[in-house]
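Chains, contacts and geometry: an overview
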Amino acid sequence: MDNQRIRQKFSELSTPLISDACLRLGIPLRIAPSGIFPLIPGSHVSGRALPVRHYGSVDIFLEAMKSAQKGDVLIIDNNGRLDEGCIGDLTVLEAEACELAAIIVWGRHRDTKELKEINFPIFSYGMYPAGPQRLDSRNPNSLITANFGDIIVSRQDIVFADEDGVLFVPDNQIEELLLTAKEIWSTERRQADAIQSGKKLSEQLRFDEYLERQSADPRYTFRKHLREIGGAIEE
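Residues numbered from 1 in each chain as written. Predicted model: local features only at pLDDT ≥ 70, side-chain atom pairs only at ≥ 80, totals over all residues. Heavy atoms only, no water.

**Focus: the overall build of the chain**
- What the chain contains, in helices and strands, is 9 helices and 11 strands.
- Going through the 235 residues of the chain one by one, you find that 48% of them count as buried.
- Across the chain, the fraction of contacts at a sequence separation of at least 24, relative to all contacts at a separation of at least 6, is 69%.
- When the accessible area of the chain is evaluated, it comes to approximately 12000 Å², of which 48% is carbon and sulfur surface.
- In the chain, 28 side chains carry a positive charge and 36 a negative one; their mean positions are 3 Å apart. (Helix = DSSP H or I, 4+ residues; strand = E, 2+ residues; numbered from the N terminus. Buried < 20%, exposed > 50% of the residue type's maximum accessible area, 1.4 Å probe, protein only. Contact = heavy atoms within 4.5 Å. Areas by Shrake-Rupley, 256 points an atom, 1.4 Å probe, with all protein chains shown as cover. Lys, Arg positive; Asp, Glu negative; His and termini not counted. Charge placed at Lys NZ, Arg CZ, Asp CG, Glu CD.)

See the structure below:
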């Protein structure tokens with residue numbers, strides 16, 4: 001599935017829905033460590049991962065972007081460092097010129113004022129005024145994979161990101177995943193509409209019936225109950 005189609009299908013979904021769909025399908029959850037946030041409120045992006053491992057010099061980003069496809073998401077592995085801002089306005093302007101969808105950083109950014117004016121989707125762990133003061137040895141896999149916490153991200157991954165967080169999903173399961181997420185969305189919307197029409201969620205989910213059965217059989221779980229009445233979300 002290409003980036004444009006992924007973006008279209010994700011447009012009315014969210015990372016919580018993608019997460020629930022992963023659980024239902026038995027796809028391992030690969031979520032960026034907590035604390036990441038979008039610099040531009042309301043950012044909602046998806047696309048194929050373009051991984052790169054930073055080693056202290058901006059040229060690695062320029063090299064990675066030379067092979068980018070329209071709508072790719074640049075995934076920067078800066079080893080979670082909090083003592084340097086590894087991207088600034090020039091890198092972001094280049095990403096915009098290369099028609100990337102976003103930049104997601106396992107680390108920090110700088111030039112915050114300018115980045116907000118550019119209005120390009122950026123997800124990071126905060127800001128830091130100084131750029132890198134180091135030049136490490138370049139990893140031979142610098143343009144092949146990127147670490148993001150305990151996750152290894154490759155070009156075979158699709159990225160979903162919004163104000164709730166960032167997820168990475170293998171591209172070979174993306175069709176079924178997006179379809180399942182849309183089904184979950186439809187179920188939740190029906191339930192939300194019913195609540196607003198005066199039918200409480202506890203009524204929709206026959207909660208009193210569940211309590212009665214659970215009292216007689218402690219092994220009867222709420223998830224089992226939801227499956228039986230067709231109200232399950234994550235399973």
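**A short note on the side chain of Ser142**
- Position of Ser142 relative to the elements: it lies in the loop between strand S7 (122-124) and strand S8 (145-148).
- Sequence-distant contacts of Ser142, defined by excluding residues within four places in its chain, comprise Pro51, Val52, Arg53 and Ile60.

**Thoughts on the sheet that holds strand S2 (residues 45-53)**
- Pairing in this open sheet of 7 strands is mixed, and the strands run S1-S7-S5-S3-S2-S10-S11 from one edge to the other. Only two strands of the sheet have a single partner each, and these edge strands are strand S1 (37-38) and strand S11 (165-170).
- Pairing between S1 and S7: 2 bridges, direction antiparallel. Within S7, the position partnered with Phe37 by the bridge is Ser124.
- Set on the sheet, helix H2 (residues 15-25) makes contact with strand S10 (157-162) and S11; between it and S11 the angle comes to about 40 degrees. (Pairing = 2+ DSSP bridges. Axes fitted to C-alpha atoms, helices over the stretch in contact; angles between N-to-C directions.)

**Focus: the nonpolar core**
- Counting 23 residues, the largest nonpolar core has Leu74, Ile76, Ile87, Val92, Leu100, Ile103 and Phe120 as the members making the most contacts within it.
- Mapped onto this core, the elements with two or more residues apiece are S2, helix H3 (59-66), strand S3 (73-77), strand S4 (85-87), helix H4 (89-97), strand S5 (102-106) and helix H5 (112-118).
- Not counting residues up to four positions away in its chain, the partners in contact with Ile103 are Leu74, Ile76, Ile87, Thr91, Val92, Ala95, Phe120, Pro121, Ile122 and Phe123.
- Core analysis: the next-biggest nonpolar cluster, separate from the first, contains 20 residues, Val45, Val73, Ile75 and Ile151 among them. (Core = buried A, V, L, I, M, F, W, Y, C linked by side-chain atoms within 4.5 Å.)

**So, the packing of helix H8 (residues 207-216) against helix H9 (residues 222-229)**
- Viewed as axis vectors pointing N to C, H8 and H9 meet at an angle of 130 degrees, and their least axial separation amounts to 10 Å. One way to sum up the angle between H8 and H9 is to call them oblique. Where H8 crosses over H9, the handedness of that crossing is right-handed. Residues Phe207, Glu209, Tyr210 and Arg213 of H8 lie in contact with H9, whose contacting residues are Phe222, His225 and Glu228.
- Its residues placed into classes, the contact of H8 with H9 shows 3 nonpolar, 1 polar and 3 charged. (Parallel < 35°, antiparallel > 145°, perpendicular 65-115°, else oblique. Left-handed = near helix turned anticlockwise from the far one by under 90°. Nonpolar A, V, L, I, M, F, W, Y, C, P; charged D, E, K, R; others polar.)

**A look at helix H1 (residues 3-10)**
- The complete set of buried residues in H1 reads Asn3, Ile6 and Phe10. Buried residues in H1, looked at end-on, bunch into an arc of 65 degrees, giving them a common side.
- In the core, the buried residues of H1 are packed alongside H2, S2 and S10. (Arc of directions from axis to C-beta.)

**Section: the pattern of salt bridges**
- On inspection of all chains with the given rule, the structure shows 16 salt bridges.
- For Arg30, the salt bridge identified is with Asp157, shortest N-O distance 2.7 Å. Here Asp157 lies in strand S10 and Arg30 lies in the loop between H2 and S1, a separation of 127 residues in the sequence.
- Look at Arg30 and you get buried, because its relative accessible area is 18%.
- Each of the salt bridges in this network shares a partner with another, and the network as a whole consists of Arg81, Asp83, Glu84, Arg134 and Asp136. (Salt bridge = Lys/Arg side-chain N within 4 Å of Asp/Glu carboxyl O.)

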